[in-house]
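Residue-level listing of the chains:
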Amino acid sequence: MSDAEKRDLTESDVTTPEPEPVQEGQTYSKLVWRQFKKNRPALISLAAIGVLAFTAVFADFLAGNKPYYMKYRGKTYFPAFRQYAVHLGLADWPAPLRRRKNFKRLRSESAIFPPVPYGPSDVNLRDKYQPPGTAHLLGTDRLGRDVLSGLIHGSRYALTIGLVSVAISMIIGVALGALAGYFGGWTDLVLSRLFELWAAIPTLFLIITVAAFFPPSLFFVMIILGFTGWVGIARLTRSQFLQVRSYDFVSAAKSLGYSSGRIMFIHILPNAIAPVLIPAAFGVAGAILAESGLSFLGIGVPAEAITWGAILAGARNNTAAWWLVIVPGFAIFITVTLYNLLGDGLRDALDPKMKV
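A quick note: this is a predicted structure, and the numbers were derived from the prediction, not measured. Chains are numbered independently. Their residues run from 1 in the order of the written sequence. This being a predicted model, a pLDDT of at least 70 is required before a residue's local features are given, and a value of 80 or more before pairs of side-chain atoms are given or counted; all residues contribute to the totals for chains, interfaces and linings. Based on all heavy atoms of the structure, the side-chain values leave hydrogens and waters out of the count.

K.L.:
Kindly report on the confidence of the model for the chain, identifying the contributing residues and their values.
P.N.:
Taken as a whole, the chain shows an average pLDDT of 83; of its residues, 90% reach a score of 70 or greater. pLDDT measures how confident the predictor is about each residue, on a scale from 0 to 100. Helical segments are the DSSP runs of H or I of at least four residues, strand segments are the runs of E of at least two, and each set is numbered from the N terminus. Within the chain, the lowest mean pLDDT, 50, falls on helix 1 (residues 3-13), and the highest, 92, falls on helix 3 (residues 40-57). Contacts of residues 9-20 to residues separated by more than four positions or lying in other chains number five contacts, the stretch itself having pLDDT below 50. When checking whether two residues touch, look at their non-hydrogen atoms; a contact exists if any pair is within 4.5 Å.

Encoded structure:
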């Protein structure tokens with residue numbers, strides 16, 4: 001065999017995989033979604049987070065002491081549906097039901113209750129520390145409250161605190177990072193020192209300080225988590241703006257006389273925001289974990305709020321109540337893991353070196 005034939009054979013044996021062709025007219029968002037779908041754990045996490053969000057929004061239809069349908073004193077009511085309108089201020093309770101907190105005690109002619117017919121705050125001391133069984137699928141706590149109902153309604157607090165705190169961090173971080181990256185010079189120097197100073201503030205001690213001067217409130221917890229979690233987002237936004245501001249389309253926008261605000265938020269931001277979404281996903285997981293820790297310690301969170309951390313804290317009074325440790329602990333672990341996997345999937349999908 002000649003040297004040329006050996007060389008041809010060697011080159012034919014070592015083949016490099018060709019990247020998938022980019023479809024004509026395919027947008028960047030479609031390319032990212034196409035790459036994201038290849039990451040099966042991230043795709044499953046996105047679907048699971050959707051299920052969790054559905055549970056949080058329709059928690060009263062899944063667990064509650066208000067029936068879907070009830071016939072009482074010859075009239076028909078739909079309490080489970082009506083309470084949403086009451087919470088939004090669009091309606092009020094009818095006179096016969098206005099002062100009723102537990103509809104299970106009403107002598108109604110007929111009623112259809114949710115699958116878990118217990119409210120998260122329903123106290124029944126005769127059933128305290130009941131292990132998981134047919135009456136209470138995940139057991140009860142020290143006040144006889146149903147753990148499954150508390151777990152379902154606690155998802156509202158977990159998602160709300162996570163999303164609101166990250167939204168606050170995104171607004172502050174993107175705004176300051178955009179200013180530092182676009183203008184540079186002294187603006188960049190001053191804001192960079194501010195980023196370093198703010199990163200040194202301990203979140204836990206700040207919440208303890210606020211809790212000493214203000215009554216317990218989830219609103220303050222969300223505000224503090226948001227105001228202390230924006231530094232990483234600001235630094236990433238700054239680096240993206242430093243890179244994108246040198247592109248030709250930015251120079252063209254400046255030559256057309258566009259204002260700095262329009263250039264930053266209309267031209268540069270859409271081309272720099274994608275990598276910033278990655279720490280946002282991780283930030284939601286961190287906020288949920290921080291809220292659970294604060295609820296467990298009883299700091300800054302109202303005692304009447306049924307959160308996952310508050311359910312977990314109930315196990316301190318009875319070490320034999322193993323379900324109070326496993327159930328909320330598993331929920332926190334799964335939720336945080338889902339957001340971390342989602343963040344990993346976004347990071348891989350937004351990688352500029354990805355094969356499309």
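K.L.:
How would you sum up the packing of aromatic side chains? Please name residues and give values.
P.N.:
Aromatic pairing here means that ring centres of Phe, Tyr or Trp (its six-membered ring) are within 6.5 Å. Orientation follows from the plane angle: under 30 degrees is stacked, over 60 is edge-to-face, and everything else is tilted. Evaluation of the coordinates by the stated rule reveals 14 aromatic pairs. With a centroid separation of 6.1 Å and 40 degrees between ring planes, the pair formed by phenylalanine 58 and phenylalanine 61 is classed as tilted. Seen in terms of ring centroids, tryptophan 322 and tryptophan 323 are 5.7 Å apart; in terms of plane orientation they differ by 85 degrees. Their pairing is edge-to-face. Among the aromatic residues, those joined into a cluster by ring pairs are Phe54, Phe58, Phe61, Tyr68, Phe81 and Tyr84.

K.L.:
Before we move on, could you go through the packing of helix 8 (residues 203-213) against helix 9 (residues 218-227) and cite the residues and values that matter?
P.N.:
In the contact formed by helix 8 and helix 9, the axes pass within 10 Å of each other and the chain directions differ by 145 degrees. When you trace helix 8 past helix 9, the crossing you get is right-handed. Of the residues in helix 9, those touching helix 8 at Thr203, Leu206, Ile207 and Val210 are Phe220, Ile224 and Leu225. Note on residue classes: Ala, Val, Leu, Ile, Met, Phe, Trp, Tyr, Cys and Pro are nonpolar, Asp, Glu, Lys and Arg are charged, and everything else, Gly too, is polar. In terms of residue class, the contact of helix 8 with helix 9 is made up of six nonpolar, one polar and no charged. Axis lines are fitted to C-alpha atoms, over the contacting stretch for helices. Their N-to-C directions set the angle, which ranges from 0 to 180 degrees. Two helices that cross are described as forming a left-handed crossing if the nearer one is turned anticlockwise from the farther one by less than a right angle, and a right-handed crossing if clockwise.

K.L.:
Quick one: what's the story with a nonpolar patch on the surface, residue by residue and with numbers?
P.N.:
Judged by side-chain polarity, Trp322, Val325, Ile326, Phe330, Phe333 and Ile334 come together as a nonpolar surface patch covering roughly 620 Å² of accessible area. Tracing the chain through its elements places phenylalanine 330 in helix 15 (residues 323-349). Residues enter a patch when their relative accessible area is above 30% and they make no salt bridge; the linking distance is 9 Å between like charges and 5 Å between nonpolar side chains (Val, Leu, Ile, Met, Phe, Trp, Tyr). In these tables, accessible area is a Shrake-Rupley quantity obtained with a 1.4 Å probe, and a residue counts as shielded only by the protein chains included in the view. Throughout this description, the term salt bridge denotes a Lys or Arg side-chain nitrogen within 4 Å of a carboxyl oxygen of Asp or Glu.

K.L.:
Tell me about the environment of arginine 73, and please be specific about residues and values.
P.N.:
When you line up the elements, arginine 73 lands in the loop between strand 1 (69-72) and strand 2 (75-77). Along the sequence, arginine 73 and proline 96 sit 23 residues apart, while their C-alpha atoms lie 9.0 Å from each other.

K.L.:
Account for the nonpolar core, naming residues and giving values.
P.N.:
Counting residues in hydrophobic clusters, the biggest one holds 50 residues, and the most contacted among them are Met170, Phe241, Ile268, Trp308, Leu324 and Tyr339. When residues of this core are assigned to their parent elements, the largest contribution, eleven residues, is made by helix 15. Within this scheme, the nonpolar core is defined by two criteria: the residues are buried Ala, Val, Leu, Ile, Met, Phe, Trp, Tyr or Cys, and they are joined through side-chain atoms within 4.5 Å. Each residue gets one of three labels from its accessible area relative to the maximum for its type: buried under 20%, exposed over 50%, partly exposed in between, using a 1.4 Å probe on protein chains only. Counting residues in hydrophobic clusters, the runner-up holds 13 residues, among them Ile207, Met222, Leu225 and Leu294.

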